[in-house]
Amino acid sequence: MGAKKFSSAEKAAIIVASLGEDLAPKIFSQMNADEIGKIGRSLQNLGRLELSEIEDTLSEFLALLQSPKSKALDAQSFIERMSKKNGKNGLSLADSFGPGDYRMRVFDKTRPELLYRVIEQDKPQTLALILSHAPSSFAAPLLKIFPERMRLEVLIRMAKLQEVDPLLIQELDEHLMRELDKLGHGSSQKIGGIKKVAEILNALNQEAPELLSRISERNPTMASDIQQEMFTFEDLLKIDVKGLQEIVKGLKREALILAMRGASPEMLNHFVASMSERSGKMFREDLEALGGQKKSDVMSARTQLLDLTRSLIEAGKIPLTSDNNQYV
C-alpha cells in the first residue's frame, strides 16, 4: 500500500515530531500562535505513522528516521510529551494546538450493510453527519442501500453541513460502535457469516446454484456477497481480457507465474491471451523455467491472485460473465 498524500501542514507536523521532544519545542518557539495551532491540529489528526509512510513523504529525513527510536511515530504520545513543554507564552505547547478533528473508527470495524441495520431509522441530519465522515469507498455503497427518497434528503443535508463539534462526532462514533456490539459485531467470537456459507455452498457443488438462487430471491445483496466469497481459481476463466489485464497489472509478475504453476492449459492460455505477443512468450518461458515448487507456495500465490480479483470485482473494475452472460 502506498504512503498517504500528506498536506503541507501534515508534512510540517511530521518533521517537527520527528525531531523529538527536546528539539521540537525550539521549533515551536519560533512560530506564531496560528502556525503552532495549524501544525498541532494536523499532528492530532495523523495518528500512528509507520516508517514507510514517513520515508515516502519526508525522504530528506530518511537517515534520521532509520534510527532505532524512529521505527514509528505515535502522534498522540508525542502530544502528551509536548504537554510538559511550555511555549514562549508560558502555556503548555499542547494547549496551543486546539481541538483536532475526530476520525470516526466505526467504518474500520464493519461493512456498509451492517451499519445500515444500525442507522436505518435515524433522522436524515444524523445520516448526513455519518456519511460526511465516511470514506467515499464506504459512503457510496452505504448510500445505495437507502431508499431513493432518503438518499436525496441525506445528500442535500450533507451539502448544507459546515462545522461540527468534534466531541459530537466522537459521541456519535462511540454510539454506533456500541450498537454494532449489540448486533454481535463487536469483540465476540465470529461464527457463521458470509464466508462460512460460501464454504458450505462450494462443498455442495451441484446443489449450490439452486440454493444461491433462493437466497437471492429473499436477499439479493446477501447472495451477491456469498457469490463473491465463492469465487474460485477456476472462476478466473469467466473474466474477460480487460479484466485479466487489470489483474496482471495489479499482481507482481513473480506471484502470477507461481500461481499458474500446475494450472490447466486452458487457464494458462486464458491469461496469456490478455498479454502482448512478446510478453506472453516471455511469461510461458519463465513459467517453464520455474521448476518444481512447494504446493503451499503455489496455493499462497493463488490466494493473492484471488484476493486481488475479489477486490477488483468489488471496486467495479472487473465485470464477470458466464454462459448466460450474467454472473451474480
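Residues numbered from 1 in each chain as written. Predicted model: local features only at pLDDT ≥ 70, side-chain atom pairs only at ≥ 80, totals over all residues. Heavy atoms only, no water.

With that out of the way, let us pick up the overall build of the protein chain. Each helix and strand counted, the protein chain has 20 helices and two strands in total. Each of the 328 residues in the protein chain was classed as buried or not, and the buried ones make up 36%. The contacts in the protein chain between residues at least 6 apart in sequence include a share of 73% that link residues at least 24 apart. As displayed, the protein chain has an accessible area near 20600 Å², and 50% of this comes from carbon and sulfur atoms. (Helix = DSSP H or I, 4+ residues; strand = E, 2+ residues; numbered from the N terminus. Buried < 20%, exposed > 50% of the residue type's maximum accessible area, 1.4 Å probe, protein only. Contact = heavy atoms within 4.5 Å. Areas by Shrake-Rupley, 256 points an atom, 1.4 Å probe, with all protein chains shown as cover.)

On to the packing of helix H16 (residues 241–250) against helix H20 (residues 295–314), then. The geometry of H16 relative to H20 is characterised by a closest axis approach of 10 Å and an angle of 125° between their N-to-C directions. The angle between H16 and H20 falls in the class oblique. Read as a crossing pair, H16 and H20 show a hand that is right-handed. Of the residues in H20, those touching H16 at Glu246, Ile247 and Gly250 are Leu305, Leu308, Thr309 and Leu312. Residues belonging to the contact of H16 with H20 are distributed by class as follows: four nonpolar, two polar and one charged. (Axes fitted to C-alpha atoms, helices over the stretch in contact; angles between N-to-C directions. Parallel < 35°, antiparallel > 145°, perpendicular 65-115°, else oblique. Left-handed = near helix turned anticlockwise from the far one by under 90°. Nonpolar A, V, L, I, M, F, W, Y, C, P; charged D, E, K, R; others polar.)

The next thing to look at is the packing of aromatic side chains. Evaluated as defined, the whole model comprises two aromatic pairs. The cationic tip of Arg302 hangs over the ring face of Phe233; the distance from NZ or CZ to the ring centre is 4.0 Å. (Phe/Tyr/Trp six-rings, centres within 6.5 Å; stacked < 30°, edge-to-face > 60°. Lys NZ or Arg CZ within 6 Å of the ring centre and 35° of its normal.)

Right, let's get into the nonpolar core. Core analysis: the biggest nonpolar cluster contains 29 residues, and Leu236, Ile247, Leu256, Met260, Phe271, Phe283 and Leu305 have the highest contact counts within it. Those elements giving two or more residues to this core turn out to be H16, helix H17 (253–259), helix H18 (265–272), helix H19 (277–288) and H20. Counting residues per element, this core draws most heavily on H20, which supplies seven residues. Ignoring any residue separated from it by four or fewer positions in sequence, one finds Phe283 in contact with Arg253, Leu256, Ile257, Met260, Leu268, Val272 and Met275. Counting 25 residues, the second-largest nonpolar core is a separate cluster that includes Val118, Ile119, Ala134 and Val154. (Core = buried A, V, L, I, M, F, W, Y, C linked by side-chain atoms within 4.5 Å.)

Glancing now at the environment of Leu290. Considering the arrangement of structural elements, one finds Leu290 in the loop between H19 and H20. Sequence separation between Leu290 and Ile257 is 33 residues; the distance between their C-alpha atoms is 8.2 Å. Residues contacting Leu290, with those up to four places away along its chain left out, are Ile257, Leu258 and Arg261.

Quick look at the side chain of Thr309 now. Its location among the elements puts Thr309 in helix H20. We classify Thr309 as buried; its relative accessible area is 0%. Not counting residues within four places of it along the chain, the set of residues in contact with Thr309 comprises Phe231, Leu236, Ile239, Ile247 and Ile318.

What follows deals with the pattern of salt bridges. Under the defined criterion, the tally for this structure stands at seven salt bridges. Between Glu153 and Arg157 there is a salt bridge, with the nearest N and O atoms lying 3.0 Å from each other. Of this pair, Glu153 and Arg157 both sit in helix H11 (residues 148–160), separated by four residues, roughly a single helical turn. Classification of Arg157 by relative accessible area gives partly exposed; the value is 30%. (Salt bridge = Lys/Arg side-chain N within 4 Å of Asp/Glu carboxyl O.)

Running from N to C, helix H8 (residues 112–119) and helix H10 (residues 136–145) point in directions that differ by 55°, and their axes come no closer than 9 Å. If you check the angle between H8 and H10, you find them oblique. Handedness of the crossing formed by H8 with H10: right-handed. Contacts between H8 and H10 involve Pro112, Glu113, Leu115, Tyr116 and Ile119 from the former and Phe138, Pro141, Leu142 and Ile145 from the latter. Of the residues contributing to the contact of H8 with H10, the split by class is eight nonpolar, no polar and one charged.

Before going further, it helps to spend a moment on the side chain of His270. Summarising the element assignment, His270 is placed in helix H18. When near neighbours in sequence (up to four residues on either side) are disregarded, His270 contacts Leu236, Leu237, Ile239 and Leu244.

Spanning 20 residues, H20 covers 28 Å between terminal C-alpha atoms, matching the ideal 28 Å at 1.5 Å per step. The complete set of buried residues in H20 reads Val298, Ala301, Arg302, Leu305, Leu306, Leu308, Thr309, Arg310, Leu312 and Ile313. Positive backbone phi, approximately 75°, marks Gly316, located one or two places after H20. (Expected span 1.5 Å × (residues − 1).)

On to the confidence of the model for the protein chain, then. Here the protein chain shows a mean pLDDT of 77. Residues at 70 or above account for 76%. For the protein chain, the element scoring lowest by mean pLDDT is helix H5 (residues 62–65), at 48; H18 scores highest, at 93. For the stretch residues 186–191, pLDDT sits under 50, and the model shows three contacts to residues farther than four places along the chain or on other chains. Contacts from residues 322–328, a stretch scored under 50 in pLDDT, to residues over four places away or in other chains number eight contacts. (pLDDT = per-residue confidence, 0-100.)

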